[in-house]
Amino acid sequence: MKLSADRIVEAGLAVFAEAGYHGVSMRRVAERLNAQAGSLYYHVPNKGALLQLMADRMARQAYDAGTAALADLPERASWQAQVEAQATSLRRSIRQHPGGAVMLADSPKLLSVGALSLMERLLRTLSTAGVPEHHRGIAADTLFSHITGFVLQEQGDPPAPHVTAQDTADLHERFPMTVAVASSHTEDEQFILSVRLICTGIEQLIGAPSNTPAGDSPCPKLSSSVK
């Protein structure tokens, strides 16, 4: 098949899924495409540009998924329902890519238009809800950090421990509250409830006075990326 930027990005995402950031190189991507590394530079100028395109591809897919989720809501859906729809669709979208949580977390630093669009839409939702500007960026960043962290745990693949019946009994006896919490909800239920809990906290900020010192950035992670 003829080389194109789209095919190179797809191959880059596959290499990233296997080896992470340090494993992505133009040479390895070329090998996956059965092509010469030099031929990739006609479509993608360097590794930095490739990483940006990869992050943008994933973030744009997540943005489109969020658009569809919002369109399915009732016309007068609450801001909490809109946040939940964006969070749920984002989690579902990045779970489709091995390593997707890591890529999404770093995508604003790569100046991905798709990632910045995700943040801008969430900030608009919080603005419409009445969250003050000095709290809005932190609230949005908290939500995104929670989503990526949640998926990061889901995508982890630790070795299964050897647990005997006696080990299980001991754990129940020593950590009864922790064991009860861990077994009380499915991952989907836990995610929804956690997003709602964050929204409950954000709701308390509506109408609250500012405690942010003058000059503090309302969204430090993004602001450091776009300077």
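Once a new chain begins, its residue numbering starts again from 1 and follows that chain's sequence as written. Under the rules for a predicted model, residues below a pLDDT of 70 receive no local features and side-chain atom pairs below 80 are neither given nor counted, while totals for whole chains, interfaces and linings still include all residues. Hydrogens and water are ignored here; the side-chain numbers use all heavy atoms of the structure.

### Some details on the overall build of the protein chain
Here's step 1: Secondary structure is summarised from DSSP: a helix means a run of H or I of at least four residues, a strand means a run of E of at least two, and numbering begins at the N terminus for each. Regarding its fold elements, the protein chain presents twelve helices and zero strands.
Here's step 2: Mapped in sequence order, the helices and strands of the protein chain form the string α-α-α-α-α-α-α-α-α-α-α-α.
Here's step 3: Within the span of the protein chain, comprising 227 residues, buried residues form 36% of the whole.
Here's step 4: In this description, contact between two residues means that some pair of their heavy atoms is separated by no more than 4.5 Å. For the protein chain, restricting intrachain contacts to residue pairs at least 6 apart in sequence, the fraction spanning at least 24 positions comes to 74%.
Here's step 5: For the protein chain, the exposed surface amounts to about 13,300 Å²; the carbon and sulfur share of it is 55%. Burial classes: relative accessible area under 20% of the type maximum marks a residue as buried, over 50% as exposed, and values in between as partly exposed (1.4 Å probe, protein chains only). Computed by Shrake-Rupley with a 1.4 Å probe, the accessible areas treat only the displayed protein chains as cover when residues are assessed.

### Notes on the packing of helix 5 (residues 79-95) against helix 7 (residues 113-129)
Here's step 1: The axes are straight lines fitted to the C-alpha atoms, using for helices just the contacting stretch, and the angles between their N-to-C directions are given from 0 to 180°. Put simply, helix 5 and helix 7 touch, their axes get as near as 9 Å, and they point 165° apart. In terms of orientation, helix 5 lies roughly antiparallel with respect to helix 7. In the crossing of helix 5 with helix 7, the sense of the turn from one axis to the other is left-handed. Residues Trp 79, Gln 82, Val 83, Gln 86 and Leu 90 of helix 5 lie in contact with helix 7, whose contacting residues are Leu 118, Arg 121, Leu 122, Thr 125, Leu 126 and Ala 129.
Here's step 2: Looking at side-chain class alone, the contact of helix 5 with helix 7 contains seven nonpolar, three polar and one charged residues. Our angle categories are set so that under 35 degrees counts as roughly parallel, over 145 as roughly antiparallel, 65 to 115 as roughly perpendicular, and the remainder as oblique. Take the far helix as the reference: if the near one is turned anticlockwise from it by less than a right angle, the crossing is left-handed, and if turned clockwise, right-handed. The residue classification treats Ala, Val, Leu, Ile, Met, Phe, Trp, Tyr, Cys and Pro as nonpolar and Asp, Glu, Lys and Arg as charged. All others, Gly included, are polar.

### Things to note about the confidence of the model for the protein chain
Here's step 1: Looking at the protein chain, pLDDT values average 85 and 89% of them are 70 or higher.
Here's step 2: Across the protein chain, element-level confidence peaks in helix 5 with a mean pLDDT of 95 and bottoms out in helix 12 (residues 220-226) with 44.
Here's step 3: A score between 0 and 100, pLDDT records how confident the predictor is in each residue. Low pLDDT, under 50, characterises residues 213-220; the predicted model gives this stretch eight contacts beyond four residues in sequence or across chains.
Here's step 4: Low pLDDT, under 50, characterises residues 222-227; the predicted model gives this stretch nine contacts beyond four residues in sequence or across chains.

### Observations regarding the environment of Leu 126
Here's step 1: Inspection of the secondary structure assignment puts Leu 126 in helix 7.
Here's step 2: Residue Leu 126 is classed as buried on the basis of its relative accessible area of 0%.
Here's step 3: In this structure the C-alpha to C-alpha distance between Leu 126 and Glu 203, which are 77 residues apart in sequence, comes to 9.6 Å.
Here's step 4: Those residues in contact with Leu 126 that sit more than four places away from it in its chain are Trp 79, Val 83, Val 131, Arg 136, Ala 139, Ala 140 and Ile 202.

### Concerning the pattern of salt bridges
Here's step 1: In the sections that follow, a salt bridge refers to a side-chain nitrogen of Lys or Arg positioned within 4 Å of a carboxyl oxygen of Asp or Glu. Counted under the stated rule, the structure contains nine salt bridges.
Here's step 2: For Asp 56, the salt bridge identified is with Arg 60, shortest N-O distance 2.5 Å. Placement of the pair is Asp 56 and Arg 60 together in helix 4 (residues 47-71), with a separation of four residues, close to one helical turn.
Here's step 3: Residues Arg 91 and Asp 188 are paired through a salt bridge, measuring 2.9 Å at the closest nitrogen-oxygen approach.

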